[in-house]
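Residue-level structure breakdown
Single-letter residue listing:
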Amino acid sequence: MSKTIELAQHLEKLHINNMYKSDFYWTWDKTDEELDAIFSVADALRDLRERNKSTRIFDSGLGISIFRDNSTRTRFSFASACNLLGLAVQDLDEKKSQIAHGETVRETANMVSFMADVIGIRDDMFIGEGHKYQKTFMDAVKEGYRDGILEQQPTLVNLQCDVDHPTQCMADMLHIIHHFGGVENLKGKKIAMTWAYSPSYGKPLSVPQGVIGLMTRFGMDVVLAHPEGYGVMPEIETIAQKNAQATGGSYRKVSTMEEAFDGADIVYPKSWAPFAAMEERTKLYQAGDQAGINALEQRLLAQNAQHKDWTCSEAMMRRTRNGSALYLHCLPADITGLSCPEGEVDNSVFDRYLVPLYKQASYKPYIIAAMIMMSKVKDPVGALMSMDSGSKRKIF
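This text gives an overview of the structure that appears in the document.

Conventions and cut-offs
- Residues numbered from 1 in each chain as written.
- Predicted model: local features only at pLDDT ≥ 70, side-chain atom pairs only at ≥ 80, totals over all residues.
- Heavy atoms only, no water.
- Helix = DSSP H or I, 4+ residues; strand = E, 2+ residues; numbered from the N terminus.
- Rg over C-alpha atoms; globule rule 2.2 N^0.38 Å.
- Buried < 20%, exposed > 50% of the residue type's maximum accessible area, 1.4 Å probe, protein only.
- Contact = heavy atoms within 4.5 Å.
- Areas by Shrake-Rupley, 256 points an atom, 1.4 Å probe, with all protein chains shown as cover.
- Lys, Arg positive; Asp, Glu negative; His and termini not counted.
- Charge placed at Lys NZ, Arg CZ, Asp CG, Glu CD.
- Pairing = 2+ DSSP bridges.
- Right-handed = clockwise from strand over helix to strand, strands pointing away.
- Axes fitted to C-alpha atoms, helices over the stretch in contact; angles between N-to-C directions.
- Phe/Tyr/Trp six-rings, centres within 6.5 Å; stacked < 30°, edge-to-face > 60°.
- Lys NZ or Arg CZ within 6 Å of the ring centre and 35° of its normal.
- Expected span 1.5 Å × (residues − 1).
- Core = buried A, V, L, I, M, F, W, Y, C linked by side-chain atoms within 4.5 Å.

Things to note about the overall build of the chain
The number of helices and strands found in the chain is 16 helices and 11 strands. Over its C-alpha atoms the chain spans a radius of gyration of 21 Å, differing by no more than 12% from the 21 Å that the globule rule assigns to 396 residues. Taking the principal axes of its C-alpha atoms as reference, the chain extends roughly 55 × 55 × 45 Å. For the chain, with 396 residues in total, the buried portion stands at 57%. Across the chain, contacts joining residues at least 24 apart in sequence account for 82% of those joining residues at least 6 apart. Put simply, the chain shows about 17,000 Å² of open surface, and 50% of that area lies on carbon and sulfur atoms. One way to put it: in the chain the 44 positive side-chain charges average out to a point 4 Å from where the 51 negative ones average out.

Structural data, given as structure tokens:
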């Protein structure tokens, strides 16, 4: 029996009917079984591709990508995922669109969606705006479908907003599951989600928020560490606390990187901007106050520079369990002595973990493809079984 068939049989036992025709905004909207389904389908799609099996569930159609912030891994992961399932990809470049001439979000949403099956949106830079834009866009799409403008309703995959980065954190989680040999081995494992120094300004909060909002669902000891003033959204911490209570794990905050790293099984040192400062930047952006934005940037760079000791050094890694914790990063990292004079992680640490880091990133195309498939296929079990016995991807 192939791995795909085993995963399909497991999928058959899950209560996942609500996933069909659903959007994926953030992980805490999904049940435990629905997350399990995403992981299972992602593993099945990877197994099928590795065995040279076709995974095309579409003969035609579009995946629309909208990146309102720069991207390498997520952009190509979305394109890879769509292609894996048989969709072509069209990227909406707002600079080349009619948005500059007054085209509304409602109009854009309908005009790009005529033959679209999925829409992936990244909008992560401004607190209170990213999720709002995604919701406004998809509400317009749903209205277009109800009014008969669109013959089908595309579904959303959140490719990062101001609140969560579900494709990243789900890929991180699948990497952790495989690294430790299964979900059943994660209970009690300590993961340190820590702030780290960066010489750049304004990195989104969605990765640390996504991590504490997801990892607490697996009975893990999740620790958030950051200097004073670098807190995340309080409502996401409330979600993390509730998750930990429900799973027998824990969620706590500490004030030093050292305490977070002590005995950790997994470390995730990553820079992000203070929540209050991101709120301030949004207001300045809305007011068109470029001088204020520039002044805020200089203030935050100076604030970051006070915490250069928050770095993932060799000495810090020796504090982890047996000195060999799994090091995670969403990439690109600010690497001391390589990409910058001082940054999030020492070059020697980063270089030692280069292969597992790239493997971590490699799960994202399959996670995205699984999100698409679960929202577009009414019978995913039958689809996987059909793929398993189906044609080859490469004929020659």
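Still to come is the rest of the account.
Here we look at the pairing of strand S2 (residues 88-91)
When a strand is regular, its side chains alternate between the sheet's two faces. With four bridges connecting them, strand S1 (residues 62-67) and S2 associate as parallel partners. The residue bridging Ser 65 from the neighbouring strand is Asp 91, located in S2. Where the polypeptide runs from S1 across helix H3 (residues 73-85) and back to S2, its parallel neighbour, the crossover connection is right-handed.

Observations regarding the sheet that holds S2
Across the sheet, four strands lie side by side as S2-S1-S3-S4; this open sheet has parallel pairing. The sheet is open, and its two edges are formed by S2 and strand S4 (155-161), each paired on a single side. Adjacent strand axes in the sheet meet at a mean angle of 20° when their direction is disregarded. Across six bridges, the pairing between S1 and strand S3 (residues 116-123) is parallel. Each residue of the ladder has a partner; that of Leu 62, found in S3, is Ala 116.

Description of the packing of aromatic side chains
The full count for this structure, using the stated rule, is seven aromatic pairs. Ring geometry for Trp 26 against Trp 28: centres 5.7 Å apart, planes inclined by 20°, an arrangement best described as stacked. The buried category is assigned to Trp 28, whose relative accessible area is 19%. Following the ring pairs from residue to residue traces out a cluster consisting of Trp 195, Tyr 230 and Trp 310. Note that Arg 46 overlies the ring of Tyr 363, its terminal NZ or CZ placed 4.9 Å from the centroid. Lying over the aromatic face of Tyr 133, Arg 68 brings its terminal NZ or CZ to 3.7 Å of the ring centre.

Some words on helix H10 (residues 275-286)
Given a rise of 1.5 Å per residue, 12 residues ought to cover 16 Å, and the 17 Å separating the end C-alpha atoms of H10 matches this to within 8%. Residues of H10 that are buried in the fold lie against helix H8 (234-247) and helix H11 (290-305). Backbone geometry just after H10 places Gly 288 at a positive phi near 65°.

With respect to the nonpolar core
Leu 45, Phe 137, Met 173 and Ile 176 are the most contacted members of the largest nonpolar core, which has 126 residues in total. The residues touching Phe 137, leaving out its near neighbours within four places in the chain, are Ile 66, Val 105, Thr 108, Ala 109, Val 112, Ile 119 and Ile 121. One finds Tyr 201, Ala 277, Ile 293 and Leu 300 within the second-largest nonpolar core, a separate group that totals six residues.

Overview of helix H7 (residues 206-215)
Judged by how many residues are buried, H7 sits mostly within the fold: 10 of 10 residues are covered. Burial in H7 covers these residues: Ser 206, Val 207, Pro 208, Gln 209, Gly 210, Val 211, Ile 212, Gly 213, Leu 214 and Met 215.

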